[in-house]
Amino acid sequence: MSGIVVAQRRRARPSRKLEPLLPAAAVAAVLAVWQWSGLFLNPILISTPAAIAGDLVQLVTRGVIFDPLAESLEELVIGGSIGIAAGIGLGLLMGRYELVDKVLSPFVNFLNATPLVVIIPLVIIWVGISQNARLLFIFLITLWPVLLNTVAGMRNVNRGYVDVGAAFGLSETDMLRKITLPAAVPYILAGVRVSAGLAIIGMIVSEMEVSLTGLGYLLITYGNSFLTGRLLAVVFISSMFGVANVMLVKWVQATFFPWIAGAAAEQR
Amino acid sequence: MLEIEHVSHVYETPQRRVEALRDVSLGIREGEFMSFVGPSGCGKTTLLRILDGLAEPSDGRIVFNGRELTGVSRDIGFVFQDINLLPWRNVRENVEIGLEARGTPAADRRRIALEALRMVGLEDVANVPPYTLSGGMQQRVGVARALALHPKVLLMDEPFGHLDNFTRETLQIEISKLWSKLGTTVVFVTHDVDEAIFLSDRIALFQGKPGRVTDVLDVGLPHPRWEFNVRGDTRAIEMRESIIQHLGVRDEVLV
């Protein structure tokens, strides 16, 4: 009986030690198979990790990537931050004033439900084929998640916090400033993350559909030329935008709102 | 000092109409420790929230020092069962919240909050986030938050309900000591009969459906209570027995 138990424990131990390495091992395995497939697959189909890495290095050393990257970043930062700021602002108004909420929410819900890529032709009609069209599109696609999350955050304040504010005689303004707004921050941050992710999609899509610039231009050009290695190198760079977004929001939360993680850990 | 006059409270849920309190009348004397004891759902907490102005009676009124009470009074402090310390504020800032509502200048707020924290033995953790504290310490902060306003009446809603037995008994002694030191009037809601006997001058017994006060008992044990074994005292044992019988707990268990 005890022998069996010991045997089980021995078997369990090494796997537990190796567990943290599993994701890295999985990635390495996929990369290895991919690389090996290059021995018999046409490189135009999917290229190989080594070739893509080489192309990535070349894009940087030859300086090809810098102008498009700068163009993309500029659009993303301007369009995205205006969209997020406007989303938070409108959300605060709708969360604060029932009347504003009632008037705006049908439009907000309709536009949020619309796959906004469809309005690109309309945006072009409005402002022409220009950087403004791309900025406007990024703005329009960014607005909604953070707006809706801000409203939801203000509507879902822990009842107990509201009780505390009421019992200790906070005025309506103080209740908003000292209870409702801080309590809504976790929702707002989650909304920012989703909105910023959409801003990245909006950036690439508008660069491919409105006018060829930035990373979208590189993607289309390399695709049309069957330069799959370079194409995937640019895809990799685009992925890094998404990774940077998630890391940035995490950093903001950990640095400026450490209580979110602390309070969540206590709930468990 | 605090008169509860024919107070009823009815609220509607989508499913049904709940009569939480029916015609409750009770006088609370200045400086006394009064407990509301009864099973869950008998209106104790509702009455406490009405006393704090967090809820309004459907009928009847509360008279506080000769004046009818409307809304939250600055002379009445509240200690919640779920303390709900605000996680975005440190311990001291949590204690300051009532003072902020009164427009007390920052320096005074700080001094008064630290003083209140000292009373509950927590001045050392003034600057840490509340979620790093144990349940017992958080409850002490909840008491300090109410004490910082120097209330004439302290309302406590099952403040030790979530705590383990050891912490609970320590806090019972601390509350008893604070009460005899400050001379504040305390109204204390609990469903723990021993706790009520240990702490109180008088105990109001509540019964449910609809919630009403069916008896008010004088505890009559000498103070300070922490200096003798209240639980083993003959009078306390008899009182415990009669309270339990009165509330019908025995009958329900036997049936």
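Thresholds, definitions, all that
Residues numbered from 1 in each chain as written. Chains lettered and ligands numbered in written order. Predicted model: local features only at pLDDT ≥ 70, side-chain atom pairs only at ≥ 80, totals over all residues. Helix = DSSP H or I, 4+ residues; strand = E, 2+ residues; numbered from the N terminus. Rg over C-alpha atoms; globule rule 2.2 N^0.38 Å. Axes fitted to C-alpha atoms, helices over the stretch in contact; angles between N-to-C directions. Parallel < 35°, antiparallel > 145°, perpendicular 65-115°, else oblique. Left-handed = near helix turned anticlockwise from the far one by under 90°. Contact = placed C-beta atoms within 7 Å. Nonpolar A, V, L, I, M, F, W, Y, C, P; charged D, E, K, R; others polar. Pairing = 2+ DSSP bridges. Core = buried A, V, L, I, M, F, W, Y, C linked by C-beta atoms within 7 Å. Buried ≥ 20, exposed ≤ 12 C-beta atoms within 10 Å, placed from the backbone. Expected span 1.5 Å × (residues − 1). Arc of directions from axis to C-beta. pLDDT = per-residue confidence, 0-100.

Colleague: How do you make sense of the overall build of chain A when you look at a structure like this?
Modeller: Helix and strand content of chain A: 13 helices and zero strands. When the helices and strands of chain A are read in sequence order from the N terminus, they spell out α-α-α-α-α-α-α-α-α-α-α-α-α. Against the globule reference of 18 Å for 268 residues, chain A gives a C-alpha radius of gyration of 24 Å, more extended than a compact globule. For chain A, the spread of C-alpha atoms along the three principal axes comes to 80 × 75 × 30 Å.

Colleague: Explain the packing of helix 11 (residues 214-224) of chain A against helix 12 (residues 228-256) of chain A here, please?
Modeller: In helix packing, the relevant descriptors are the interaxial angle and the interaxial distance, both defined with respect to the helix axes. Residue and element names in this part refer to chain A. One way to put it is that helix 11 packs onto helix 12 with a least axis distance of 8 Å and a crossing angle of 155 degrees. Classified by the angle their axes make, helix 11 and helix 12 are roughly antiparallel. Crossing hand, helix 11 versus helix 12: left-handed. In contact with Leu 215, Leu 218, Leu 219, Tyr 222 and Gly 223 of helix 11, helix 12 contributes Arg 230, Leu 231, Val 234, Ile 237 and Ser 238. Looking at the contact of helix 11 with helix 12, its residues break down into seven nonpolar, two polar and one charged.

Colleague: Looking at this structure, I do not really get the sheet that holds strand 3 (residues 33-37) of chain B. What am I missing?
Modeller: Adjacent strands of a sheet form backbone hydrogen bonds with each other and so pair up, either parallel or antiparallel. Residues and elements named next belong to chain B. Pairing is mixed across the open sheet formed by six strands, whose spatial order is 6-7-8-3-9-10. One side of each edge strand has no neighbouring strand; the edge strands of this open sheet are strand 6 (76-79) and strand 10 (212-218). The average angle at which neighbouring strand axes cross in this sheet is 20 degrees, direction not considered. Packed on one face of the sheet, helix 5 (residues 135-147) meets strand 6 and strand 7 (153-157) and runs near 170 degrees to strand 6.

Colleague: Looking at this model, I keep getting lost on the interface of chain B and chain A. Mind explaining?
Modeller: Interfaces are frequently sized by the accessible area removed from exposure as the parts join. Contact residues are listed per partner, giving 16 residues for chain B and 17 residues for chain A. Considering each element in turn, the side of chain B that touches chain A owes the most residues, three residues, to helix 3 (residues 97-101) of chain B. A per-class count over the side of chain B that touches chain A returns 11 nonpolar, two polar and three charged.

Colleague: Just to check I follow, could you spell out the sheet that holds strand 5 (residues 67-68) of chain B for this structure?
Modeller: Residue and element names in this part refer to chain B. Read from one edge to the other, the open sheet built from four strands follows the order 2-1-4-5, with strand pairing classed as antiparallel. Bordering the open sheet on either side are strand 2 (17-28) and strand 5, each of which pairs with just one other strand. The pairing of strand 4 (residues 59-64) with strand 5 spans two bridges and is antiparallel. Each bridged residue has a counterpart across the sheet, and for Val 63 the counterpart in strand 5 is Glu 68. Sheet contacts for helix 1 (residues 44-51): strand 1 (2-12), strand 2 and strand 4; angle to strand 1, the most-contacted strand, approximately 115 degrees.

Colleague: What exactly am I supposed to notice about the nonpolar core here?
Modeller: In a soluble, globular protein the nonpolar side chains are often hidden away together inside. The biggest cluster of nonpolar side chains holds 75 residues, and the ones touching the most others in it are B:Leu51, B:Ala144, B:Leu155 and B:Val187. In this structure, A:Leu76, A:Ile138, A:Leu148 and A:Tyr187 belong to the second largest nonpolar core, which totals 35 residues.

Colleague: Is there a simple way to explain helix 4 (residues 106-119) of chain B in this structure?
Modeller: For the α-helix, the turn length of 3.6 residues means that residues three or four positions removed from each other point alike. Residue and element names in this part refer to chain B. In a regular helix each residue adds 1.5 Å, so 14 residues correspond to 20 Å; helix 4 covers 20 Å between its end C-alpha atoms and thus fits that length. The complete set of buried residues in helix 4 reads Arg 109, Ala 113, Ala 116 and Leu 117. All buried residues of helix 4 fall inside an arc of 100 degrees around its axis, so they share one side. Along helix 4, the residues that are exposed and aim more than 90 degrees away from the buried face are Ala 107, Asp 108 and Arg 111. Contact partners of the buried residues in helix 4: helix 2 (91-95), helix 3 and helix 5. Note on helix 4: the residue one or two positions beyond its end, Gly 121, has a positive phi of about 75 degrees.

Colleague: What is the right way to look at the pairing of strand 1 of chain B in this model?
Modeller: Side-chain direction in a regular strand flips from residue to residue, so the side chains alternate between the two faces of the sheet. All names here are of chain B. In the sheet, strand 1 pairs with strand 2 via eight bridges, with the strands oriented antiparallel. When the sheet's bridge partners are listed, Ile 4 is paired in strand 2 with Leu 26. Hairpin geometry of strand 1 and strand 2 is characterised by an intervening segment of four residues between the two adjacent antiparallel strands. Looking at chain direction, strand 1 and strand 4 are connected through five bridges and run antiparallel. Across the sheet, Glu 3 pairs through a bridge with Val 63, a residue of strand 4.

Colleague: Help me understand helix 5 of chain B, please; the structure alone is not making it clear to me.
Modeller: All names here are of chain B. For helix 5, which comprises 13 residues, the first-to-last C-alpha distance of 18 Å matches the rise-based estimate of 18 Å (1.5 Å per residue) to within 8%. Extensive coverage of helix 5 is indicated by the burial of 10 of its 13 residues. Those residues of helix 5 that are buried lie in contact with strand 6, helix 2, helix 3, helix 4, strand 7 and helix 6 (165-182).

Colleague: Any chance you could explain the confidence of the model for chain A here in plain terms?
Modeller: Should pLDDT be low for a region, the predicted coordinates there are not to be read in detail. Residues and elements named next belong to chain A. In the predicted model, chain A carries a mean pLDDT of 91, and 94% of its residues have values of at least 70. Put simply, helix 1 (residues 2-18) is where chain A has its lowest mean pLDDT, 57, and helix 5 (residues 66-96) is where it has its highest, 96. The low-confidence segment residues 1-6 (pLDDT under 50) makes zero contacts with residues lying over four places distant or belonging to another chain.

Colleague: Which parts of the structure should I look at to understand the environment of B:Asn127?
Modeller: Residue and element names in this part refer to chain B. Summarising the element assignment, Asn 127 is placed in the loop between helix 4 and helix 5. On the neighbour-count criterion, Asn 127 (9 C-beta atoms within 10 Å) is exposed. Along the primary structure Asn 127 and Lys 177 are separated by 50 residues, whereas in three dimensions their C-alpha atoms are 25 Å apart. Those residues in contact with Asn 127, other than ones at most four positions away along the chain, are Asn 90 and Arg 92.

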